[in-house]
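One letter stands for each residue in the lines below.
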Amino acid sequence: MGGMIPDWNQYNDPLNSVSRPLQMGPVWMHASQVTHTPMDYTLWHEDPPSSSYPGCIAVKCAMLQSAELGENYLFRLREAVMTKHLNIAKYDVLKAIAADMPDNLDIDRFVGDWKAGNGHAAFREDLKLAGYHKIGRFPTLTFSNASGKGIMIVGYRPYEMLSTAFMQMETV
């Protein structure tokens, strides 16, 4: 979890000229075109998330139950914000996503972990790791092979490019 937007007072993306929520719509439009993934851009002027941190922490709370549940929750979180027009900075939305998961996420445990702040430490570790690797843009994918050699891909890329980069890791 990279925590891209702590809040809009601290966020600034000079590369995309984004410093307030309304300016994020065109960035999503571009990402949608490059990745061929449908996205609802209207969220950014109707009910923009005030921060990406609550969603990141919620993923960490789901991961406390299992890595698989965390991955599934992350998928549903992305789906909620990108296609269902849901503000994932709101606790009620995060809880509803968890409650709607069909794969045995214990909603009471999720809520308990959220309220106890149990996802915060793991999220802080992710932020530290991103800082250590100097990851400042999202999405960022890192690939490494068994010998420790790796590459980093920043930005939205078509699947074919990602597949080629992954396959080249065998020869690096």
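Per chain, residues are indexed from 1 in the order of the written sequence. It should be noted that, the model being predicted, local features are given only for residues of pLDDT at least 70 and side-chain atom pairs only at 80 or more, the latter also being counted only at that level, while totals for whole chains, interfaces and linings use all residues. With hydrogens and water stripped out, all remaining heavy atoms of the structure feed into the side-chain values.

(A) Spotlight on the overall build of the protein chain. A count of helical and extended segments in the protein chain gives eight helices and two strands. Here the C-alpha radius of gyration of the protein chain, 17 Å, is about what a compact globule of 172 residues would show, namely 16 Å. By its C-alpha atoms, the protein chain is 45 × 35 × 30 Å across when sized along the principal axes. Within the protein chain, the fraction of its 172 residues that count as buried is 34%. Here, residues are in contact when the closest pair of their heavy atoms is within 4.5 Å. The contacts in the protein chain between residues at least 6 apart in sequence include a share of 53% that link residues at least 24 apart. Exposure was quantified through the Shrake-Rupley algorithm and a 1.4 Å probe, taking into account, for residues, occlusion by the shown protein chains and nothing else. Carbon and sulfur atoms make up 55% of the accessible area of the protein chain, which amounts to about 10300 Å² in all. Working convention for charge: Lys and Arg count positive, Asp and Glu count negative, and His plus the chain ends are omitted. Lys charges are placed at NZ, Arg charges at CZ, Asp charges at CG and Glu charges at CD. Charge centroids of the protein chain, computed over 15 positive and 18 negative side chains, lie 7 Å from each other. Every helix listed is a DSSP run of H or I at least four residues long, and every strand listed is a run of E at least two residues long, numbered separately from the N terminus. Radius of gyration here uses only the C-alpha atoms, and the compact-globule reference equals 2.2 Å multiplied by the residue count raised to the power 0.38. The buried label applies to any residue whose accessible area, calculated with a 1.4 Å probe on protein chains only, is under 20% of its type's maximum; exposed applies above 50%, and partly exposed to all values in between.

(B) Up close: the side chain of threonine 140. Take threonine 140: it is sitting in strand β1 (residues 140–144). Not counting the four nearest positions on each side in its chain, threonine 140 is found in contact with Ile135, Met152, Ile153 and Val154.

(C) Expanded view of helix α3 (residues 53–63). Taken across its 11 residues, α3 has nine buried, putting it largely inside the fold. Those residues of α3 that sit buried are Pro54, Gly55, Cys56, Ile57, Ala58, Val59, Lys60, Cys61 and Ala62. Residues of α3 that are buried in the fold lie against α4 (67–82), α5 (91–99), α6 (107–116) and α7 (120–132).

(D) Summary view of the nonpolar core. Only buried residues count toward a nonpolar core, which is a set of Ala, Val, Leu, Ile, Met, Phe, Trp, Tyr and Cys residues joined through side-chain atoms within 4.5 Å. Counting residues in hydrophobic clusters, the biggest one holds 33 residues, and the most contacted among them are Met24, Tyr73, Leu77, Ile88 and Phe110. Within the residue set of this core, elements represented by two or more residues are α1 (24–35), α2 (43–46), α3, α4, α5 and α6. Not counting chain neighbours up to four residues away, the residues in contact with phenylalanine 110 comprise Ala58, Cys61, Ala62, Gln65, Tyr73, Leu94, Lys95, Ala98 and Leu105.

(E) Structural context of unusual backbone geometry. The backbone of histidine 36 sits at a positive phi, close to 60°, despite the residue not being glycine. For histidine 36, the position within the fold is in the loop between α1 and α2. Given a relative accessible area of 70%, histidine 36 falls into the exposed group. Positive phi outside glycine occurs at histidine 85, with the angle close to 65°. Assignment of secondary structure puts histidine 85 in the loop between α4 and α5. Judged by relative accessible area, histidine 85 falls into the partly exposed class, the value being 22%.

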